[in-house]
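# Architecture at a glance
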Amino acid sequence: MATELKIPRHIAFIMDGNGRWAAARGLARSEGHREGAEALKRVLAACAQKGVQVVSVYAFSCENWSRPQAEIKFLFSLISQFAKKELKKYAEMGYRVTFSGDLTQLPKSTNNAIKKVVDASKNNTGMIVNIALNYGARQEIVRAVNLILQSGIRQVDEQMFEDCLYTAGFPELDLVVRSSGEKRLSNFMLWQCAYSEFIFTDKFWPDFDENTIDEILKEYSSRDRRFGGIK
Ligand code: FPP
């Protein structure tokens, strides 16, 4: 009997392997990132079609600032274009666009483009597209602690702490997917993934499409989630 398809409420993707995808074709790394943006469009469409409530994607980590200046510049220009064109379209389609990370350090043009889509979509009730930009999970946790200290509260519970994270109000992170064969979290959503399932695939991010999402959902559906209990 085929396993019943279970749909994760919230999926986080670590979009890795753009550079290796390009190198394997003798192309510049920037071409890998460009194709990575195309893959993101396919993945978001497939997830929305399946009824996923939130998709989080790791677009730029706090540690990515150590990359060559030209690559950083290219990535932010790609993200700005994506915001002006694709995210604007998503906002019009009823998706909500949110960002996780310290946006104050981003180029002004990127920041402006982001602010527009966040504002335009803030009351939407469709799938949430959450983009982690200049994001680090440890930084997010320290930020939450500081928000709590500044409020004067001297004792917190899990709910109060979660309310100070970028993902406040989002459903549970059911699944984390990392592409390109690497098996680590790289400072991504450390609090949120406490009970997540993990899928690591050798496929490079630019090769992700609707079939990849089907395979991932099949694999996720076969997992026996016990949350520390027994069956
Ligand atoms: C990791 O691959 C990828 C990134 C650091 C950037 C992710 C960005 C995109 C997928 C572009 C589109 C994003 C948006 C939001 C429009 P890598 O460069 O580390 O690849 P490598 O490990 O093979 O070198």
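Below is a short write-up of the structure. (Residues numbered from 1 in each chain as written. Predicted model: local features only at pLDDT ≥ 70, side-chain atom pairs only at ≥ 80, totals over all residues. Heavy atoms only, no water.)

## Describing the site of the ligand
The ligand sits among 17 residues. The nearest are Met15, Gly19, Arg20, Arg29 and Arg67. Here an oxygen atom of the ligand and a backbone polar atom of Gly19 are 3.0 Å apart. With respect to the ligand, the side chain of Arg29 contributes an N or O atom lying 2.8 Å from an oxygen atom. Calculation on the ligand without its partners gives an accessible area of 620 Å², and the protein chains cover 92% of this total. Taken together, the elements giving at least two residues each to the shell around the ligand come down to α1 (18-23), α2 (29-50) and α3 (69-93). When grouped by side-chain class, the residues that make up the shell around the ligand number 7 nonpolar, 6 polar and 4 charged. (Near = heavy atom within 4 Å. Polar contact = N/O pair within 3.5 Å; in protein donor to acceptor, adjacent residues only side chain to side chain. Areas by Shrake-Rupley, 256 points an atom, 1.4 Å probe, with all protein chains shown as cover. Helix = DSSP H or I, 4+ residues; strand = E, 2+ residues; numbered from the N terminus. Nonpolar A, V, L, I, M, F, W, Y, C, P; charged D, E, K, R; others polar.)

## Let's talk about the sheet that holds strand β6 (residues 197-200)
Strand pairing in a sheet takes place through backbone hydrogen bonds and is either antiparallel or parallel in direction. The sheet built from 6 strands is open, its strands ordered β3-β4-β2-β1-β5-β6 with parallel pairing. Whereas interior strands pair on both sides, the edge strands pair on one side only; in this sheet they are β3 (96-100) and β6. Ignoring which end each strand starts from, the neighbouring axes of this sheet average 20 degrees apart. Bridge analysis of β3 against strand β4 (residues 128-135) gives 5 bridges, and the strand direction is parallel. From the neighbouring strand, Ser100 faces β4, where its bridge partner is Ala132. (Pairing = 2+ DSSP bridges. Axes fitted to C-alpha atoms, helices over the stretch in contact; angles between N-to-C directions.)

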